[in-house]
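# Structural characterization, general
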Amino acid sequence: MILHSVLILLLVIGAIWAIIWFAVITSVPHVQDESIVDKSTARLRRRVVLPFIVILIIGLAFSFYWMPYPNNRAWAFGAPEVTVDVMAAQWSWTLSQDTIPVGTSVEFAVTSKDVNHGFAIYSPAGEILTQVQAMPGYTNRLIYKFDTPGEYIIRCLEYCGVAHDVMVKAFTVE
Ligand SMILES: [Cu+2]
């Protein structure tokens, strides 16, 4: 995932650099007449701004796949077949079920009893996979698909009081 992001970033920077370089090389005339320089400046802007906008739009379209918004996740993982209700409170997590089926699109409906918490899921190897805010009076919907069975850990990612660090809960994917 990080490698993808770096590669995309390098491609975008490289493409922008190439376009600017090409535009500068082809539009700067070797004359001192200022009217020609003005024209070439306008041409330079056209050549840089338009491709830049096109690259931005294409980049935005491709990066949508990794965005955590419910519609994008539903598109990437499939419509959720299981909904897990998650209630955060100082200082614990309550889940409507502790076992989640592997390879299935799951929706976590996350809310809080008291203050803001950060609902984060960690893989059995300890890597953070996905996260969303747990807010009082509002339900955030987080869609995810677990491809590997094992014991996953929920941790709080937003400081919520003295026992914030022990706000940990495990669930099983099988
Ligand atoms: Cu916390």
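Rules of the game
Residues numbered from 1 in each chain as written. Predicted model: local features only at pLDDT ≥ 70, side-chain atom pairs only at ≥ 80, totals over all residues. Pairing = 2+ DSSP bridges. Helix = DSSP H or I, 4+ residues; strand = E, 2+ residues; numbered from the N terminus. Axes fitted to C-alpha atoms, helices over the stretch in contact; angles between N-to-C directions. Contact = placed C-beta atoms within 7 Å. Buried ≥ 20, exposed ≤ 12 C-beta atoms within 10 Å, placed from the backbone. pLDDT = per-residue confidence, 0-100. Core = buried A, V, L, I, M, F, W, Y, C linked by C-beta atoms within 7 Å.

### Here we look at the sheet that holds strand β4 (residues 105-112)
In spatial order, the strands read β2-β1-β4-β7; together these 4 strands make up an open sheet with mixed pairing. This sheet does not close on itself; its edge strands, each paired only once, are β2 (92-95) and β7 (140-145). Ignoring strand direction, the axes of neighbouring strands in this sheet form an average angle of 25 degrees. Where β4 and β7 come together, 6 bridges link them in antiparallel fashion. By the bridge assignment for β7, Glu107 is matched with Ile143. Across the face of the sheet, helix α3 (residues 70-77) comes into contact with β4 and β7 while running at roughly 20 degrees to β7.

### A few points about the environment of Pro68
You can see Pro68 is positioned in the loop between α2 (34-63) and α3. Here Pro68 falls in the partly exposed class, since 13 other C-beta atoms lie within 10 Å of it. Excluding its chain neighbours within four sequence positions, the residues that come into contact with Pro68 are Arg73 and Thr130.

### Overview of the sheet that holds strand β9 (residues 168-173)
In spatial order, the strands read β3-β9-β8-β5-β6; together these 5 strands make up an open sheet with mixed pairing. The open sheet has two edge strands with one neighbour each: β3 (99-100) and β6 (128-134). As paired strands, strand β5 (residues 117-122) and β6 are joined by 6 bridges and run antiparallel to one another. By the bridge assignment for β6, Tyr122 is matched with Ile128.

### Quick look at the environment of Met167
Tracing the chain through its elements places Met167 in the loop between β8 (150-156) and β9. Taking the C-alpha atoms as reference, Met167 lies 7.9 Å from Gln90; in sequence the two are 77 residues apart. For Met167, the contacting residues outside a window of four places in its chain are Trp91, Ser92, Trp93, Arg155 and Cys156.

### As for the confidence of the model for the protein
When the pLDDT values of the protein are averaged, the result is 88; 95% of them are 70 or greater. At the low end of the mean pLDDT range in the protein sits α3, at 81; at the high end sits β8, at 97.

### Thoughts on unusual backbone geometry
Here the bond from Gln90 into Trp91 is cis, since omega is 0 degrees, no more than 30 degrees from zero. Mapped onto the fold, Trp91 is located in the loop between β1 (82-89) and β2.

### Here we look at the nonpolar core
In terms of nonpolar packing, the biggest core is built from 17 residues, with Val86, Ala88, Trp93, Val110, Phe119, Ala134 and Leu142 touching the most fellow members. At the level of elements, β1, β4, β6, β7 and β8 are the ones that each hand at least two residues to this core. Every residue in contact with Val86, bar those within four places of it in the chain, is listed here: Trp93, Leu95, Phe108, Ala109, Val110, Phe119 and Ala134.

### A word on the pairing of β9
Consecutive side chains along a regular strand alternate between the two faces of the sheet. Where β3 meets β9, 2 bridges bridge the pair, whose relative direction is parallel. Opposite Thr99, over in β9, you have Thr172 as the bridge partner. Where β8 and β9 come together, 6 bridges link them in antiparallel fashion. Along β9, the bridge assignment pairs Ile153 with Ala170.

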